[in-house]
Amino acid sequence: MSEPGSTEIQVVAVNGGVGFPSTTRSLTDALVREVAASAPGVRSTTIDVRGLASDIADATVLGLPSAALDEALRTVERADLVIAGSPVFRGSYAGLFKGFWDLIEPVSMRGKPVLLSATGGSSRHQLMIDQSMRPLFAYFGALIAPTAVYAATDDFGVAGALQPDLARRVERAGREAAHLALAHREHQPS
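None of these values were measured; they are calculated from a predicted model.

Trainee: Describe a nonpolar patch on the surface, with residues and values.
Mentor: The grouping of V61, L62 and L64 at the surface amounts to a nonpolar patch, some 360 Å² of accessible area in total. Following the sequence through the fold, L64 ends up in the loop between α2 (53-62) and α3 (67-78).

In structure tokens form, the structure reads like this:
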């Protein structure tokens, strides 16, 4: 969390996309921009779990996170708002995405505002957010934003531009998440 008395909001996007370029990264970037447009003093960081793949495997098997992974985990744990994004793999979130969250200290997520997002090949996978992601973050006791954003391949236009319907959903979700983070921060003890 931000330092007491600070007006800055720490937003951390966790991109579970494994491809490059990544539509999941494009979606989380768009959500970060909307949160920043809706709240003053946003400072953002994006964590690409793809770059931490071997570190996540080593930490899971050996119990020893690398310095880079440890810093990524602490960054999420200190965030005022987390934007979590994953591609859909076989009806659920990516295994690498889940491996990252398995290493987070659960208590650090209790009451933390989280905006959920996912990408997939078609709209038939959109329920993954409700069937897989919401239960994961409910386990943590996170404060899940009411509007989540799912984007199918058709929701992206030329050069990854957001189609109008997706842009409206991103704007709504970003605005709600920003207000949720601001309200949550106001009610934290100094």
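Trainee: Lay out the pattern of salt bridges with the relevant residues and their values.
Mentor: Counted by the stated rule, this structure contains 13 salt bridges. In this structure, R78 engages E71 in a salt bridge whose closest nitrogen and oxygen atoms are separated by 3.2 Å. Given the relative accessible area of 42%, R78 is considered partly exposed. Put simply, D155, D165, R168 and R169 are held in one network by salt bridges that share partners.

Trainee: I'd like to hear about the environment of H179, residue by residue, with values.
Mentor: Checked against the element boundaries, H179 lands in helix α7 (residues 164-186). Here H179 falls in the partly exposed class, since its relative accessible area comes to 45%. Linking H179 and A39, residues 140 residues apart in sequence, is a C-alpha distance of 7.4 Å.

Trainee: Residue-level account of the nonpolar core, with values.
Mentor: Nonpolar side chains tend toward joint burial in soluble globular proteins. Among the nonpolar cores identified, the biggest contains 34 residues, and V76, F97, F100, W101 and F137 are the most heavily contacted of them. For this core, the secondary structure elements donating two or more residues are β1 (9-15), α2, α3, β3 (81-89), α4 (95-102), β5 (113-120), α6 (128-140) and β7 (149-152). No other element matches the six residues that α6 contributes to this core. Discounting chain neighbours no more than four positions away, the residues touching F137 are A84, F97, W101, M109, V114, L116, A142 and I144. The next biggest cluster of nonpolar side chains, apart from the first, holds 22 residues, and it includes A30, V35, L81 and A178.

Trainee: Can you break down the side chain of K112 residue by residue, with the values?
Mentor: With respect to the helices, strands and loops of the structure, K112 is situated in the loop between α5 (106-109) and β5. With no salt bridge to any partner, buried K112 finds its closest opposite charge in D80, at an N-O distance of 6.6 Å. Dropping the residues within four chain positions of it, K112 is found in contact with V76, E77, R78, A79, D80, V82, A142 and L143.

Trainee: Hey, could you go over helix α1 (residues 23-38) for me, with residue numbers and the actual values?
Mentor: Taking 1.5 Å of rise per residue, 16 residues should cover 22 Å, and α1 covers 23 Å from first to last C-alpha, within 8% of that figure. Taken together, the buried positions of α1 are T24, L27, T28, A30, L31, V32 and V35. Among the residues of α1, the N-terminal cap falls to S22, whose side-chain oxygen and the backbone nitrogen of T24 are separated by 3.2 Å.

Trainee: Give me the side chain of T75: which residues, what numbers.
Mentor: If you trace the backbone, T75 turns up in helix α3. You can call T75 buried: its relative accessible area is 15%. Side-chain polar atoms of T75 contact the backbone oxygen of E71, separated by 2.7 Å. Residues within four places of T75 in sequence aside, it is in contact with V12, T45 and I47.

Reading guide: rules and limits
Counting from 1, residues in each chain are numbered in the order their sequence is written. Since the coordinates come from a predicted model, pLDDT governs what is reported: local features require at least 70, and pairs of side-chain atoms require 80 or more to be given and counted, while whole-chain, interface and lining totals use all residues. Side-chain metrics in this entry use all non-hydrogen atoms of the structure; hydrogen atoms and water are not considered. Patch criteria: residues need more than 30% relative accessible area and no salt bridge. Like-charged residues are merged within 9 Å; nonpolar side chains of Val, Leu, Ile, Met, Phe, Trp and Tyr are merged within 5 Å. Note on areas: Shrake-Rupley with a 1.4 Å probe; residue coverage comes only from the protein chains shown. Criterion for a salt bridge: a side-chain nitrogen of Lys or Arg within 4 Å of a carboxyl oxygen of Asp or Glu. Numbered from the N terminus, helices here are DSSP runs of H or I no shorter than four residues, and strands are runs of E no shorter than two. The cut-offs for exposure are 20% and 50% of the maximum accessible area for each residue type, with area from a 1.4 Å probe on protein chains only; residues under the lower value are buried, those over the upper are exposed, and the others partly exposed. Here, nonpolar core refers to any group of buried Ala, Val, Leu, Ile, Met, Phe, Trp, Tyr and Cys residues whose side-chain atoms link them within 4.5 Å. For this analysis, residues touch if any pair of their heavy atoms sits within 4.5 Å. This count recognises Lys and Arg as positive and Asp and Glu as negative, with His and chain-terminal groups excluded. Between the first and last residue of a helix there are one fewer steps than residues, each counted as 1.5 Å, and that sum is the expected span. Any N or O atom pair separated by 3.5 Å or less is treated as a polar contact, with the protein-specific requirement of one donor-capable and one acceptor-capable atom, and with residues adjacent in sequence counted only for side-chain atom pairs.

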